[in-house]
Amino acid sequence: MSKSRTIYDKIWDDHLVNTNDDGTSLIYIDRHLVHEVTSPQAFEGLRMTKRKVRCPEKTLAVVDHNVPTTDRKNGIEDEESRIQVEALEKNCKEFDVEYFNELDIRQGIVHVVGPEQGFTLPGTTIMCGDSHTSTHGAFGALAMGIGTSEVEHILATQTLIQRKAKNFRVNVGGTAPDGVTAKDIILSIIGEIGAGGGTGSVIEYTGKAISDLSMEGRMTVCNMSIEGGARAGLIGPDEKTFSYIKDRPRSPKGDDFDRAVGYWNALNSDKDAYFDRDVYLDAAALPPVVTWGTSPEDVVSINGEVPDPEGIDDEIRKETKKSALEYMDLKPGTKIKDIELDVIFIGSCTNGRIEDLREVAKVVEGHHVNENLNAMIVPGSGLVKEQAINEGLDKIFMAAGFEWREPGCSMCLAMNPDKLLPGQRCASTSNRNFEGRQGFRGRTHLVSPAMAAAAAIAGRFVDVRDFVK
Amino acid sequence: MEKFKNITAVAAPLPEVNVDTDKIIPKQYLKTIERTGLGKGLFSELRYNDDGTENKDFVLNKSQYRNAKILVAGDNFGCGSSREHAPWALLDYGIKVVISTSFADIFYNNCFKNGMLPIVLDEKEVSLLMEETERGSNATLSVDLESQEITTSDGNKINFKIDKFLKHCLLNGLDDIALTLEKNSEIGSYEDKIKSQRPWL
Ligand code: SF4
């Protein structure tokens, strides 16, 4: 093939089982991750139609959304949550799918677990009934969230019917200043393109500021692609990618690994590959950011103020933003640094990895959480928790007055007992500030782990760059 | 899947951008292991007051929109989580068609798996229909999928585009897993090819 291609084009081509005249294609799915919330109806569908799971060995299930983050030895108290968790366990047994239960050290948020196990590999197609599947794109994989009907489709056929998306390149050049993290980069991108900006596209993130990021940072960026409307976001694989993958439980070994690296290297977008859309951001000019509203596109600098929606031309958009301010109980012109907080949540598939916890520890060591608020740290997986303990981070957190919990999704979506109370205001390292997301009438501001940590100490938003000086 | 049938029904306005799936069906309803019965949770945080009574100001609680089967909404409808509970809840409530300037990709896809029709129109057309909905139950819209046409109660017609394959599945109520399983041998030969080309998988 001589035509120049993007990494998305290449992965797509290598997974085509067949293409119809009308352009719909059947693509093969290499890896399928499953969790308890979006899978019960899919397994039930298989049972009703007497179908089997085509490739159990390409499927991995883990429980994450419903699990309590306190001691779990006595099971799950909430009955509905328990039934959902038990349903997953039962389905995995019946259909012969590997399953990590809540007592397994490998258990954690599905998007933390996949990479950790080496289940996530470059050049693969990875699907999960969860929109943040885009996370796995950090490895140069085509990773997308799907609905439950499509979960069933993959379970039964190991394929998916799709139409090819557009190629959208987001190039982040320059060097991010100290205190400006992967989270600030991706929030700034979403602020720039809007919550629907990536609709119909697969985003490829390129540029120095992206390749400078660790794998954890790249996962943070790709994770929030969906918040910019893109179903998938990806980053071309490089040495950092390969060394992260090497020697993971399910990664290729020996000759297979070397052969795989050859294939993975060739995946990167060709120099003159065509992109339908290009956006450029200069990382050197970015500040740490905070969201002020109820959409992840509502991004503002820590040194800025709550914007005034009156200036928006579009009536519907103006009204939406006005009601967001009302929901958030904020007035235009309020300085971000004057916003006081009740709760700090550090965790989620966006920022619940070891590097995130290290950043938090760096900021909070020797300080104490402000007496007016509650601060909670929820590691992304049992293995992240173990690593943090090995590094002594848990002691720093607890000495600083943080609650140090068991792994899971927790207050990212508050399906378990970790919830905001009505009216509470939270600085959160998660990915969605939607109304009610972290608890009925709760108010969420999205920030980086370092910014959340600094806010925990100060009791309000502060510029982490002033804070650590 | 049920076939999509043409409908003539009241359309309700939801003039808001970025209506997310958390708003459409909040997480407390995701603990179900079934597809049915989610209509009670549709927009629940907007639809009900804290004491569980109906919020009279919410559009679907107004008498003229109670029987709405069509929603006309702002840009980027259905953004956020992949929960198929969102179309399940809309359908269970009785909404069969949503019209907007754009939809989040996953939500859009999920609709078609459930016999629901999301229609993308340009800004002018959506605002025209939004105005039309303001007339409440006096103004119904007719949606004809076969001819890809929306007709207002005054007889104005708006055409819409739709992917041929998706239209075909919707009109015939096709189960796409069954369709794919017809290609079983092609999937098998793809798997054989991969075994030799990318053995590490
Ligand atoms: S941490 Fe939050 S966003 Fe991530 S999978 Fe869990 S609920 Fe979804």
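These numbers were taken from a predicted model, which means no experiment stands behind them.

**Thoughts on the site of the ligand**
Part 1 of the reasoning: Taken together, His-65, Ile-109, His-111, Asp-130, His-132, Ser-348, Cys-349, Cys-409, Cys-412, Leu-413, Asn-431 and Arg-437 of chain A form the complete shell of residues around the ligand.
Part 2 of the reasoning: Within the shell around the ligand, the residues separate by chemical class into five nonpolar, five polar and two charged.

**Considering the packing of helix H6 (residues 182–193) of chain A against helix H8 (residues 215–223) of chain A**
Residue and element names in this part refer to chain A.
Part 1 of the reasoning: The N-to-C vectors of H6 and H8 enclose an angle of 20°; their axes lie 8 Å apart at closest approach. Looking at the two axes, H6 sits roughly parallel to H8. The crossing of H6 and H8 is right-handed. On H8, the residues touching Ala-182, Lys-183 and Ile-186 of H6 are Gly-217, Thr-220 and Val-221.
Part 2 of the reasoning: Grouping the constituent residues of the contact of H6 with H8 by class yields three nonpolar, two polar and one charged.

**Observations concerning the interface of chain A and chain B**
Part 1 of the reasoning: Taken together, the contacts link 78 residues of chain A with 58 residues of chain B.
Part 2 of the reasoning: By the criterion of area lost to chain B, the three top residues of chain A are Gln-41, Arg-54 and Ile-316 of chain A, representing 10% of everything that side buries.
Part 3 of the reasoning: Its salt-bridge partner being Asp-163 of chain B, residue Arg-163 of chain A comes within 2.1 Å of it at the nearest N-O pair.
Part 4 of the reasoning: Across the contact surface, chain A and chain B share 31 residue pairs in polar contact (both at pLDDT 80 or more).
Part 5 of the reasoning: When residues of the side of chain A that touches chain B are traced back to their parent elements, those giving at least two are strand S1 (16–19), strand S2 (25–28), helix H2 (40–49), helix H3 (79–95), helix H5 (148–157), strand S8 (159–162), helix H10 (254–265) and helix H11 (315–328) of chain A.
Part 6 of the reasoning: With seven residues, the top contributor of residues to the side of chain A that touches chain B is H5 of chain A.

**What to know about helix H14 (residues 382–390) of chain A**
All names here are of chain A.
Part 1 of the reasoning: For H14, the complete set of buried residues consists of Gly-382, Val-384, Lys-385 and Ala-388. For H14, the angular spread of the buried residues around the axis is 160°, confining them to a single face.
Part 2 of the reasoning: Looking at the buried side of H14, the elements it contacts are helix H4 (110–116), helix H13 (354–364), helix H15 (393–399) and strand S17 (403–404).
Part 3 of the reasoning: Phi turns positive, to about 80°, at Gly-392, one or two residues after H14.

**A look at the nonpolar core**
Part 1 of the reasoning: In this structure, Ile-344, Phe-397, Phe-402 and Phe-461 of chain A together with Phe-43, Phe-77 and Leu-90 of chain B are the most contacted members of the largest nonpolar core, which totals 80 residues.
Part 2 of the reasoning: Ranked by the residues each element gives to this core, the list is headed by helix H16 (residues 449–458) of chain A, at eight residues.
Part 3 of the reasoning: Apart from residues no more than four positions distant in its own chain, Phe-402 of chain A is found in contact with Ile-346, Val-364, Val-369, Ala-375, Met-376, Ile-377, Phe-397 and Ala-456 of chain A.

**Points about H11 of chain A**
Within an α-helix, residues lying three or four positions from one another point in the same direction, as the helix has 3.6 residues per turn.
Residues and elements named next belong to chain A.
Part 1 of the reasoning: Taking 1.5 Å per residue, 14 residues should reach 20 Å; H11 reaches 20 Å between its end C-alpha atoms and fits that length.
Part 2 of the reasoning: Within the span of H11, buried status applies to Lys-318, Thr-320, Lys-321, Ala-324, Leu-325, Tyr-327 and Met-328.
Part 3 of the reasoning: Buried residues along H11 sit in contact with strand S18 (425–428) and strand S19 (443–446).
Part 4 of the reasoning: Two or three places before Ile-316, at the start of H11, stands the capping residue Asp-314, its side-chain oxygen 3.2 Å from that residue's backbone nitrogen.
Part 5 of the reasoning: The positive-phi residue at the C-terminal boundary of H11 is Asp-329, with phi of around 55°.

**Quick look at the sheet that holds strand S5 (residues 98–100) of chain A**
Residues and elements named next belong to chain A.
Part 1 of the reasoning: Strand order in this open sheet of five strands is S5-S4-S3-S6-S7, and the pairing throughout is parallel. A strand with exactly one partner marks an edge of an open sheet, and here the two such strands are S5 and strand S7 (142–145). With direction set aside, neighbouring strand axes in the sheet form an average angle of 20°.
Part 2 of the reasoning: With three bridges connecting them, strand S3 (residues 31–34) and strand S6 (residues 125–128) associate as parallel partners. Bridge assignment links His-32 to a residue of S6, and that residue is Met-127.

**Regarding the sheet that holds strand S15 (residues 343–346) of chain A**
The pairing of strands in a sheet happens through backbone hydrogen bonds and is either parallel or antiparallel.
Residues and elements named next belong to chain A.
Part 1 of the reasoning: What the five strands build is an open sheet, ordered S17-S16-S15-S18-S19; its pairing is parallel. The strands lining the two open edges of the sheet, one partner per strand, are S17 and S19.
Part 2 of the reasoning: Where strand S16 (residues 374–377) meets S17, two bridges bridge the pair, whose relative direction is parallel. In the sheet register, Ile-377 faces S17, and the bridge partner there is Trp-404.

**Focus: unusual backbone geometry**
Residues and elements named next belong to chain A.
Part 1 of the reasoning: Residues other than glycine seldom take positive phi values, yet Lys-50 does so here, at roughly 55°.
Part 2 of the reasoning: One can find Lys-50 in the loop between H2 and strand S4 (59–62).
Part 3 of the reasoning: If you check the backbone angles, Asp-247 has positive phi at about 65° while not being a glycine.
Part 4 of the reasoning: Given the relative accessible area of 60%, Asp-247 is considered exposed.

**What to know about the environment of Leu-421 of chain A**
Residues and elements named next belong to chain A.
Part 1 of the reasoning: Inspection of the secondary structure puts Leu-421 in the loop between S17 and S18.
Part 2 of the reasoning: Owing to a relative accessible area of 53%, Leu-421 belongs among the exposed residues under this scheme.
Part 3 of the reasoning: A C-alpha to C-alpha distance of 9.8 Å links Leu-421 and Gly-436, two positions 15 residues apart in sequence.
Part 4 of the reasoning: With sequence-adjacent residues up to four places away left out, Leu-421 is seen in contact with Phe-440 and Gly-442.

**Some points on the environment of Ala-42 of chain A**
Part 1 of the reasoning: Mapped onto the secondary structure, Ala-42 of chain A falls in helix H2.
Part 2 of the reasoning: For Ala-42 of chain A, the residues in contact, after removing those within four places along its chain, are Thr-148, Val-151, Glu-152 and Leu-155 of chain A.

**Comments concerning a negative patch on the surface**
Part 1 of the reasoning: Among the surface-exposed residues, Asp-313 and Asp-314 of chain A together with Asp-122 and Glu-123 of chain B lie close enough to one another that they form a single negatively charged patch.
Part 2 of the reasoning: Residue placement: Asp-122 of chain B occurs in the loop between strand S4 (117–120) and helix H5 (123–133).
Part 3 of the reasoning: Using a relative accessible area of 41% as the deciding quantity, one classes Asp-122 of chain B as partly exposed.

**Focus: the state of the cysteines**
Part 1 of the reasoning: For the structure on display, the rule yields zero disulfides over all chains.
Part 2 of the reasoning: For Cys-222 of chain A, which is in no disulfide, the shortest distance to another cysteine sulfur is to Cys-349 of chain A and amounts to 12 Å.

**Overview of the pairing of S8 of chain A**
Residue and element names in this part refer to chain A.
Part 1 of the reasoning: Along S8, one buried face is formed by Thr-159 and Ile-161 and the opposite face, lined by Leu-160 and Gln-162, is buried too.
Part 2 of the reasoning: Bridge analysis of S2 against S8 gives four bridges, and the strand direction is antiparallel. For Ile-27, the partnering residue across the bridge sits in S8 and is Leu-160.

**A closer look at the side chain of Asp-20 of chain B**
Residues and elements named next belong to chain B.
Part 1 of the reasoning: Take Asp-20: it is sitting in the loop between strand S1 (7–14) and helix H1 (21–24).
Part 2 of the reasoning: Buried charge without a salt bridge: Asp-20, with Lys-23 as the nearest opposite-charge side chain at an N-O distance of 5.4 Å.
Part 3 of the reasoning: Polar contacts involving the side chain of Asp-20 include one to the main-chain amide nitrogen of Asp-22, which spans 3.0 Å.
Part 4 of the reasoning: At 2.8 Å, the side chain of Asp-20 and the backbone nitrogen of Lys-23 are in polar contact.

**Digging into the pattern of salt bridges**
Residues and elements named next belong to chain A.
Part 1 of the reasoning: Within this structure, the stated rule accounts for 43 salt bridges over all chains.
Part 2 of the reasoning: Notably, a salt bridge pairs Arg-317 with Glu-297, separated by 3.3 Å at the nearest N-O pair. Remark: Glu-297 occurs in the loop between strand S13 (289–291) and strand S14 (299–301) and Arg-317 occurs in helix H11; sequence separation between them is 20 residues.
Part 3 of the reasoning: For Arg-317, a relative accessible area of 25% corresponds to the partly exposed category.
Part 4 of the reasoning: Exposure remark for Glu-297: the relative accessible area of 14% places this residue in the buried category.
Part 5 of the reasoning: One connected set of salt bridges, linked through shared partners, spans Glu-310, Glu-315, Lys-318, Glu-319 and Lys-322.

Here is what the cut-offs are and how they apply
Residues numbered from 1 in each chain as written. Chains lettered and ligands numbered in written order. Predicted model: local features only at pLDDT ≥ 70, side-chain atom pairs only at ≥ 80, totals over all residues. Heavy atoms only, no water. Near = heavy atom within 4 Å. Nonpolar A, V, L, I, M, F, W, Y, C, P; charged D, E, K, R; others polar. Axes fitted to C-alpha atoms, helices over the stretch in contact; angles between N-to-C directions. Helix = DSSP H or I, 4+ residues; strand = E, 2+ residues; numbered from the N terminus. Parallel < 35°, antiparallel > 145°, perpendicular 65-115°, else oblique. Left-handed = near helix turned anticlockwise from the far one by under 90°. Contact = heavy atoms within 4.5 Å. Buried area = accessible area lost by both parts, 1.4 Å probe. Salt bridge = Lys/Arg side-chain N within 4 Å of Asp/Glu carboxyl O. Polar contact = N/O pair within 3.5 Å; in protein donor to acceptor, adjacent residues only side chain to side chain. Buried < 20%, exposed > 50% of the residue type's maximum accessible area, 1.4 Å probe, protein only. Arc of directions from axis to C-beta. Core = buried A, V, L, I, M, F, W, Y, C linked by side-chain atoms within 4.5 Å. Expected span 1.5 Å × (residues − 1). Pairing = 2+ DSSP bridges. Patch = residues over 30% accessible without salt bridge, like charges linked within 9 Å, V, L, I, M, F, W, Y side chains within 5 Å. Areas by Shrake-Rupley, 256 points an atom, 1.4 Å probe, with all protein chains shown as cover. Lys, Arg positive; Asp, Glu negative; His and termini not counted. Charge placed at Lys NZ, Arg CZ, Asp CG, Glu CD. Disulfide = S-S within 2.5 Å.

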